[in-house]
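# Close look at the chain arrangement
The primary structure of each chain is shown beneath.
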Amino acid sequence: MSEVKQKQHWSKLEERGSVIGMKILFSIYRLLGRKVLWIFLFPVVLYLHATGSSARQASVTFLSTVNRVRGSNKTASYLDSLKHFCRFADSAFDKIDAWLGRIKLTDIDYNNSNLFLSLLEKKQGAVFIGSHLGNLEVCRALSQGRYATTLNVLVFTQNAVKFNQILESVNPSVSLNLIQVNDIGPGLAMTLKDKVDQGEIVVIVGDRTSITTGGRVVYAPFLGEEAPFSQGPFILASLLDCPVYWLFCLKHKGRFKVIFEHVADKLVLPRKERAKALQNVVEQYASRLSYYASQYPYQWFNFFDFWHKDDRVSRK
């Protein structure tokens, strides 16, 4: 059983920090660089870690779970959790670097890049299902240089609005390919279908349950425990009738690893066996997410009880 007794859905957790504070830190970063920035940033992270009991406990639980998966019974320490928070804070500036164009193609190592190049050559649209493991925003580099293509990134804005404001302030064009949504519905599916038919890429995360619709989840093993995964991204991928890939972007020794994994040329969910097919594809996703999360635990940026049952009442 998960150790965290968090009763709230992830989208209801309090957002901490202010836009003004973020802008001040960003100004320091632009003027003095990241090393000097950390002189100012570390006390902020230390305060948020000390006062954010739910997020801190979620971090300890996650890191301890990874230890068990790796064969150790060691419980993650307070300092381990603080390191986790610091990695999250630092990743925000990787995102800003990505939007400013400071992360170049030469800074990125691609795994199975031939899969992506094949899509470009065929001018074929696709769905990339990512996560909050690593730094998906760095994949903006895919829209530049020899990998030039149009990425449409679905953003669930109730928890991302503050940071989006920062991105818009540093680059006014940042929101051009960000599709801000609260839930996945027929209208959104039709819009995205037009985009993939034009050869564009749709990016969505698969590790957050629905903000507005409770109970529409599939439970799958994640690091040895059953966790809820939203049906929405996988149903959407099937409706768009195009190739589907897992997408991960992980930082390793100062460089970024972009990993493509082919899932299906078309994700089919037969009406008579829909539940079984959906269960299978979600379990595939959860398995790959578990694999990379156990390798890069400090890049896991879900600071809530990931295994908490989604027992909200679904309103149709």
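Residues numbered from 1 in each chain as written. Predicted model: local features only at pLDDT ≥ 70, side-chain atom pairs only at ≥ 80, totals over all residues. Heavy atoms only, no water.

What follows concerns the nonpolar core. Ranked by internal contacts, the top residues of the largest apolar core, which has 53 residues, are Phe 62, Val 127, Ile 129, Phe 222 and Phe 229. The element that contributes the greatest number of residues to this core is helix 9 (residues 274-295), accounting for 9 residues. If sequence neighbours within four positions are ignored, Phe 62 has contacts with His 84, Phe 222, Leu 223, Ala 293, Pro 297, Trp 300 and Trp 307. Core analysis: the next-biggest nonpolar cluster, separate from the first, contains 21 residues, Phe 128, Val 203, Val 205 and Leu 247 among them. (Core = buried A, V, L, I, M, F, W, Y, C linked by side-chain atoms within 4.5 Å. Buried < 20%, exposed > 50% of the residue type's maximum accessible area, 1.4 Å probe, protein only. Helix = DSSP H or I, 4+ residues; strand = E, 2+ residues; numbered from the N terminus. Contact = heavy atoms within 4.5 Å.)

Counting buried positions along strand 9 (residues 255-264) gives 7 out of 10 residues, so the element sits mostly inside the fold. Pairing of strand 8 (residues 244-252) with strand 9, which is carried by 9 bridges, proceeds in the antiparallel orientation. If you follow Leu 247 over to strand 9, its bridge partner there is Phe 260. What sits between the antiparallel neighbours strand 8 and strand 9 is a turn of 2 residues, in which Lys 253 has the positive phi angle 55°. (Pairing = 2+ DSSP bridges.)

Turning to helix 7 (residues 186-197), a few remarks are in order. Over its 12 residues, helix 7 runs 16 Å from end to end, which matches the ideal 16 Å to within 8%, given 1.5 Å per residue. Gly 199, located one to two residues past helix 7, shows a positive phi value of around 90°. (Expected span 1.5 Å × (residues − 1).)

The tally for this structure, following the rule as stated, stands at 23 aromatic pairs. Centroid distance Phe 128 to Tyr 245: 5.7 Å. Interplanar angle 90°. Geometry classified as edge-to-face. Taken together, the residues span a long stretch of sequence, with Phe 128 in strand 2 (residues 126-130) and Tyr 245 in strand 8 at a distance of 117 residues. On the basis of relative accessibility, which here comes to 6%, the residue Tyr 245 falls in the buried class. Clustering of aromatic rings is evident, with ring pairs tying together Phe 62, Phe 222, Phe 229, Phe 234, Trp 246, Tyr 285, Trp 300, Phe 304, Phe 306 and Trp 307. Over the ring of Tyr 298 we find Lys 83, and its NZ or CZ is 4.3 Å from the ring centre. Directly above the ring of Tyr 219 sits Lys 309, whose terminal nitrogen or CZ lies 5.1 Å from the centroid. (Phe/Tyr/Trp six-rings, centres within 6.5 Å; stacked < 30°, edge-to-face > 60°. Lys NZ or Arg CZ within 6 Å of the ring centre and 35° of its normal.)

Next up on the list: the packing of helix 3 (residues 53-69) against helix 4 (residues 78-100). Their axes nearest at 9 Å, the elements helix 3 and helix 4 cross at an angle of 105°. As far as their axial angle goes, helix 4 and helix 3 are roughly perpendicular. Taken together, the residues of helix 4 that come into contact with helix 3 (itself represented by Ala 55, Arg 56, Ser 59, Val 60, Phe 62 and Leu 63) are Tyr 78, Asp 80, Ser 81, His 84 and Phe 85. Here the contact of helix 3 with helix 4 is built from residues that sort into 6 nonpolar, 3 polar and 2 charged. (Axes fitted to C-alpha atoms, helices over the stretch in contact; angles between N-to-C directions. Parallel < 35°, antiparallel > 145°, perpendicular 65-115°, else oblique. Nonpolar A, V, L, I, M, F, W, Y, C, P; charged D, E, K, R; others polar.)

Right, let's get into unusual backbone geometry. Phi at Asn 112 takes a positive value of approximately 60°, unusual for a residue other than glycine. Examined against the element boundaries, Asn 112 turns out to sit in the loop between strand 1 (108-111) and helix 5 (113-122). With phi around 55°, Asp 241 is a residue other than glycine that occupies positive phi space. Along the chain, Asp 241 falls in the loop between helix 8 (232-239) and strand 8. On the basis of relative accessible area, Asp 241 is assigned to the partly exposed category, the value being 37%.

Counting through the fold element by element, Pro 228 comes out in strand 7 (residues 225-230). According to the relative accessible area criterion, Pro 228 is buried, its value standing at 6%. Taking C-alpha positions, Pro 228 is 6.5 Å from Asp 310, a pair spaced 82 residues apart along the chain. When residues no more than four places from it in sequence are discounted, the contact partners of Pro 228 are Thr 209, Val 217, Val 218, Tyr 219, Phe 306, Trp 307, His 308 and Asp 310.

Further remarks concern the confidence of the model for the protein chain. Confidence in the prediction for the protein chain averages 83 pLDDT; 78% of positions are at 70 or higher. The secondary-structure element of the protein chain with the lowest mean pLDDT is helix 6 (residues 161-170), recorded at 65, while helix 9 shows the highest, at 97. Counting interchain partners and residues more than four positions distant, the pLDDT-below-50 stretch residues 1-6 has 16 contacts. A low-confidence stretch, residues 10-14 stays under pLDDT 50, and its non-local contacts, those more than four residues away or across chains, total 12 contacts. (pLDDT = per-residue confidence, 0-100.)

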